[in-house]
Amino acid sequence: MSIDTLARADERIKSEPLLAKLMKRPELGAIGGVVLVTIFFMITADSTMFTLSGVMNFMTPAAQLGILGIAAALLMIGGEFDLSIGSMVAFAGMVFGVFVVNIGMPLVIAIPLTLALAAALGATNGMIVLRTGLPSFIVTLAGLFVLRGAALVGLKLFTGGSTQLRGIREAVEGDFLAPIFSGDAFGFIMRWLAEAGIVDSFKSGVPKVPGIPVEILWFIAFAAIATYILLRTPIGNWIFATGGDALAAKNSGVPVRRVKISLFMLTAIAAALVAIITVIDAGSTDARRGFMKEFEAIIAAVIGGCLLTGGYGSAIGAFFGAIIFGMVTIGLTYTRFDQDWFQVFLGAMLLLAVIFNNVIRRRVTGER
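Quick caveat, the model's predicted, so the values are computed rather than measured.

1. A word on the pattern of salt bridges
So, step 1. Evaluated as defined, the whole model comprises 3 salt bridges.
So, step 2. Linking Glu 296 and Lys 293 is a salt bridge whose minimum nitrogen-to-oxygen distance equals 3.1 Å. In this pair, Glu 296 and Lys 293 both sit in helix H15 (residues 293–303), 3 residues apart, roughly one turn of the helix.
So, step 3. With relative accessibility at 16%, the residue Glu 296 sits in the buried group.
So, step 4. Take Lys 293: its relative accessible area is 27%, and that puts it in the partly exposed class.

Below is the structure:
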């Protein structure tokens, strides 16, 4: 029997057009969204938005949200939600601030302890979900209030009644780990580019952009690692299988419980990482840090192609979803539009992304 006959007889070895393969990718909507938003702001915004300094301005909030969004995307692909990650940012920021200011710990101790505590709390969320059978939406919603309240009470306890803890920048000044979590990187490259006339500089010759904010580098690295794990490792297959059908995955030998608990730990660690980066950068922490970030992270994941039912999604899609968020957040300041339109724009993008992803997926896969 010829190969052509076999191909007609068995669809498993049937070649698939490149366009069909691309249409199946969950991040397609997010990439299209980035293109549309870019065109919109190129028409309506001041041209400085797309200079190097302008790009850094909107990539910085995108990076902070994107770290949370990518972790939320992995958890959603695994079939669960975590609504406590915004409050975890506040709680972890409080814990980290107390470690470095009140106790005087060096970063080499304070950072691992903060991340470990966050991981333990994330694992607790996962174990409660698995042991009780309650929806993760409910369990982590409770965690949202518990952690936000704990951050508020803790700050008042360690500051003598204030909801803000200051002095963090001074406490970590000179620490060898501080440049990894705050400030700008590759300043020497920017200086060289300024001397060569490639990037804008002041009259003194100092580049207008001193370097790349470290959170952007964390964001890119986190997206690259998450994408590699999802697409190139057995763990990625386990995550998709767990979110698609947990019982079938368990019967196939997938360690479903371990996968879900690990993903809850990952979201908590991502929140703690964002807390450490933003707290060192601001030099202080407060009880409202991370407010509403849980919903923004889920929005970034959904815009990036994640389904609310699990088993489908993309880390790189959440990456682009966060960039859309950053562009809209900062881009409106470069236009004459009222910034209060931000919420309307974001809600519309969320709805359009969900509709687009569902329609494309159904047409390509033949679902009804």
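2. A look at the environment of Ile 229
So, step 1. By the element assignment, Ile 229 lies in helix H11 (residues 214–232).
So, step 2. We classify Ile 229 as partly exposed; its relative accessible area is 30%.
So, step 3. Note: C-alpha distance between Ile 229 and Ala 241 (12 residues apart in sequence) is 14 Å.
So, step 4. If sequence neighbours within four positions are ignored, Ile 229 has contacts with Ile 235 and Gly 236.

3. Looking at the side chain of Thr 233
So, step 1. Along the chain, Thr 233 turns up in the loop between H11 and helix H12 (234–244).
So, step 2. Overall, Thr 233 belongs to the buried group, its relative accessible area being 15%.
So, step 3. In this structure the side chain of Thr 233 is engaged in a polar contact, spanning 2.5 Å, whose partner is the backbone oxygen of Ile 229.

4. Remarks on the packing of aromatic side chains
So, step 1. Scanning all chains against the criterion turns up 7 aromatic pairs.
So, step 2. For the pair Phe 181 and Trp 218, a centre-to-centre distance of 5.4 Å together with 25° between the ring planes defines the contact as stacked. Placement of the pair is Phe 181 in helix H9 (residues 178–181) and Trp 218 in helix H11, with a sequence separation of 37 residues.
So, step 3. Judged by relative accessible area, which is 9%, Phe 181 ranks as buried.
So, step 4. What makes Trp 218 partly exposed here is its relative accessible area of 27%.

5. Brief notes about helix H16 (residues 315–331)
So, step 1. With 17 residues, H16 extends 24 Å between its outermost C-alpha atoms, agreeing within 8% with the 24 Å of an ideal straight helix rising 1.5 Å per residue.
So, step 2. Taken across its 17 residues, H16 has 13 buried, putting it largely inside the fold.
So, step 3. At the N-terminal boundary of H16, the capping side chain belongs to Ser 314, with an oxygen 3.2 Å from the backbone nitrogen of Ile 316.

6. What about the nonpolar core?
So, step 1. Counting 102 residues, the largest nonpolar core has Ile 67, Ile 70, Phe 96, Leu 107 and Phe 219 as the members making the most contacts within it.
So, step 2. Sorting elements by how many residues they give to this core places helix H4 (residues 52–77) first, with 15 residues.
So, step 3. In contact with Ile 67, not counting residues within four places along its chain, are Glu 215, Trp 218, Phe 219, Phe 222, Ala 270, Leu 273, Val 274 and Ile 277.

7. Regarding the environment of Gly 244
So, step 1. Note that Gly 244 resides in helix H12.
So, step 2. Linking Gly 244 and Gly 311, residues 67 residues apart in sequence, is a C-alpha distance of 3.9 Å.

8. What to know about helix H5 (residues 85–102)
So, step 1. Taking 1.5 Å as the rise per residue, H5 with 18 residues should run 26 Å; its terminal C-alpha atoms sit 24 Å apart, in good agreement.
So, step 2. For H5, the buried fraction is high: 16 of the 18 residues fall into the buried class.
So, step 3. Looking one or two places after H5, you find Gly 104, whose phi comes out positive at around 80°.

9. Considerations on the packing of H5 against helix H7 (residues 136–159)
So, step 1. Here H5 crosses H7 at 25°, and the two axes come no closer than 7 Å. Here H5 lies roughly parallel to H7, going by the angle between them. Crossing of H5 against H7: the hand is left-handed. Contacts between H5 and H7 pair Gly 86, Ser 87, Met 88, Ala 90, Phe 91, Met 94, Val 98 and Asn 102 from the former with Leu 144, Leu 147, Arg 148, Ala 150, Ala 151, Gly 154, Leu 155 and Phe 158 from the latter.

10. What about the environment of Gly 93?
So, step 1. Tracing the backbone shows Gly 93 in helix H5.
So, step 2. Through-space distance from the C-alpha of Gly 93 to that of Leu 177 is 17 Å; in sequence the pair is 84 residues apart.
So, step 3. In contact with Gly 93, not counting residues within four places along its chain, are Met 88, Ala 275, Val 279 and Thr 285.

11. Comments concerning the packing of H11 against helix H14 (residues 256–282)
So, step 1. Two elements in contact, H11 and H14, have axes separated by 11 Å at closest approach and are oriented at 165°. Taken together, H11 and H14 sit at an angle that is classed as roughly antiparallel. When you trace H11 past H14, the crossing you get is right-handed. Between H11 and H14, the residues in contact are Glu 215, Trp 218 and Phe 222 and Leu 266, Ala 270, Leu 273 and Ile 277, respectively.
So, step 2. Considering only residue class, the contact of H11 with H14 consists of 6 nonpolar, no polar and 1 charged.

What counts as what
Residues numbered from 1 in each chain as written. Predicted model: local features only at pLDDT ≥ 70, side-chain atom pairs only at ≥ 80, totals over all residues. Heavy atoms only, no water. Salt bridge = Lys/Arg side-chain N within 4 Å of Asp/Glu carboxyl O. Helix = DSSP H or I, 4+ residues; strand = E, 2+ residues; numbered from the N terminus. Buried < 20%, exposed > 50% of the residue type's maximum accessible area, 1.4 Å probe, protein only. Contact = heavy atoms within 4.5 Å. Polar contact = N/O pair within 3.5 Å; in protein donor to acceptor, adjacent residues only side chain to side chain. Phe/Tyr/Trp six-rings, centres within 6.5 Å; stacked < 30°, edge-to-face > 60°. Expected span 1.5 Å × (residues − 1). Core = buried A, V, L, I, M, F, W, Y, C linked by side-chain atoms within 4.5 Å. Axes fitted to C-alpha atoms, helices over the stretch in contact; angles between N-to-C directions. Parallel < 35°, antiparallel > 145°, perpendicular 65-115°, else oblique. Left-handed = near helix turned anticlockwise from the far one by under 90°. Nonpolar A, V, L, I, M, F, W, Y, C, P; charged D, E, K, R; others polar.

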